[in-house]
Structures are given as C-alpha cells and as structure tokens.
Amino acid sequence: MRKTATIIFTVIAIAICFIHYLGYDPKNMILISLSIPLWIIPFFTDIAHVNLFFAYALTIASWALLGYIVDRYVFRARARD
C-alpha cells in the first residue's frame, strides 16, 4: 500500500504549523480553522491555556491520521476492482 495521502497531508500540517510558528498567522485564523483538534479543545478548556507545541503535535497527528484513512479507503477501493 502506498502512503501518498498520508505523506501529503502530513506535509500540509507541518506547513500550517510552520506558518503559524513564523508569525505569518497573527490572528491564528489559519491554525484554528485548519486544525481539527483545535476545533474540539474549546469544549473542554480555554484555548489560551493549551501548550502551543502540543497543539502543533495534535495538528500534525490528526492530519496524518486523516491521510492514513484516505490511503486505506483508496487501497480497499482498488482491491475491490
């Protein structure tokens, strides 16, 4: 099984975190709108109390997991044919 989507999605997540870390996202709009865990965290705690590097790790992990799910779906679809 090729892991093309996993790699692409992980690179996208790293780019999102890198853009935020360099300060090109001063209002946190890119990070908050594209990070799936940061959609859920405000239900449990104030987002200002979350460690930034923990948020980066969750963002990268969630995008990698999403890419893995896409790869598995494509693999199963091709196996059926």
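Structural notes, computed from the coordinates. (Residues numbered from 1 in each chain as written. Predicted model: local features only at pLDDT ≥ 70, side-chain atom pairs only at ≥ 80, totals over all residues. Heavy atoms only, no water.)

### What to know about the overall build of the protein chain
Then, number 1: When helices and strands are counted, the protein chain shows four helices and zero strands.
Then, number 2: Its helices and strands taken in sequence order, the protein chain reads α-α-α-α from the N to the C terminus.
Then, number 3: Here the C-alpha atoms of the protein chain give a radius of gyration of 15 Å, more than 25% beyond the 12 Å that 2.2 N^0.38 yields for 81 residues.
Then, number 4: Overall, the protein chain is about 50 × 25 × 15 Å in size when its C-alpha atoms are taken along their principal axes. (Helix = DSSP H or I, 4+ residues; strand = E, 2+ residues; numbered from the N terminus. Rg over C-alpha atoms; globule rule 2.2 N^0.38 Å.)

### Regarding the side chain of Ser35
Then, number 1: With respect to the helices, strands and loops of the structure, Ser35 is situated in the loop between helix H2 (29–34) and helix H3 (37–40).
Then, number 2: On the basis of relative accessibility, which here comes to 0%, the residue Ser35 falls in the buried class.
Then, number 3: Only 2.6 Å separates the side chain of Ser35 from the side chain of Thr59, close enough to count as a polar contact. (Buried < 20%, exposed > 50% of the residue type's maximum accessible area, 1.4 Å probe, protein only. Polar contact = N/O pair within 3.5 Å; in protein donor to acceptor, adjacent residues only side chain to side chain.)

### So, the environment of Ala64
Then, number 1: Along the polypeptide, Ala64 turns up in helix H4 (residues 52–80).
Then, number 2: Sequence separation of Ala64 and Leu52 is twelve residues, and the distance between their C-alpha atoms is 18 Å.
Then, number 3: Among residues more than four places away in sequence, those in contact with Ala64 are Thr6 and Thr10. (Contact = heavy atoms within 4.5 Å.)

### Description of the packing of aromatic side chains
Then, number 1: If you walk through the whole model with that rule in mind, you get three aromatic pairs.
Then, number 2: The interplanar angle of 50 degrees and the centroid separation of 6.0 Å between the aromatic rings of Tyr21 and Phe53 together place this pair among those described as tilted. Highlighted residues: Tyr21 in helix H1 (residues 4–22) and Phe53 in helix H4, separated in sequence by 32 residues.
Then, number 3: For Tyr21, a relative accessible area of 51% puts it in the exposed group.
Then, number 4: An aromatic cluster is present here, built from Tyr21, Phe53 and Tyr56 joined pairwise through their rings. (Phe/Tyr/Trp six-rings, centres within 6.5 Å; stacked < 30°, edge-to-face > 60°.)

### Concerning the nonpolar core
Then, number 1: Counting residues in hydrophobic clusters, the biggest one holds ten residues: Ala13, Ile16, Cys17, Leu31, Leu38, Ile41, Val50, Ala55, Tyr56 and Trp63.
Then, number 2: Non-local contacts of Tyr56, meaning those with residues more than four positions away in its chain, are made with Cys17, His20, Tyr21 and Leu31. (Core = buried A, V, L, I, M, F, W, Y, C linked by side-chain atoms within 4.5 Å.)

### Description of H1
Then, number 1: A rise of 1.5 Å per residue sets the reference length of H1, with its 19 residues, at 27 Å; its end C-alpha atoms lie 27 Å apart and thus fit the reference within 8%.
Then, number 2: Of the positions making up H1, those classed as buried are Ala5, Thr6, Thr10, Ala13, Ile16, Cys17 and His20. Buried residues along H1 cover an arc of 130 degrees about the axis, so they all sit on one side. Turned more than 90 degrees from where H1 packs its buried face, Ile7, Val11 and Phe18 sit exposed. (Expected span 1.5 Å × (residues − 1). Arc of directions from axis to C-beta.)

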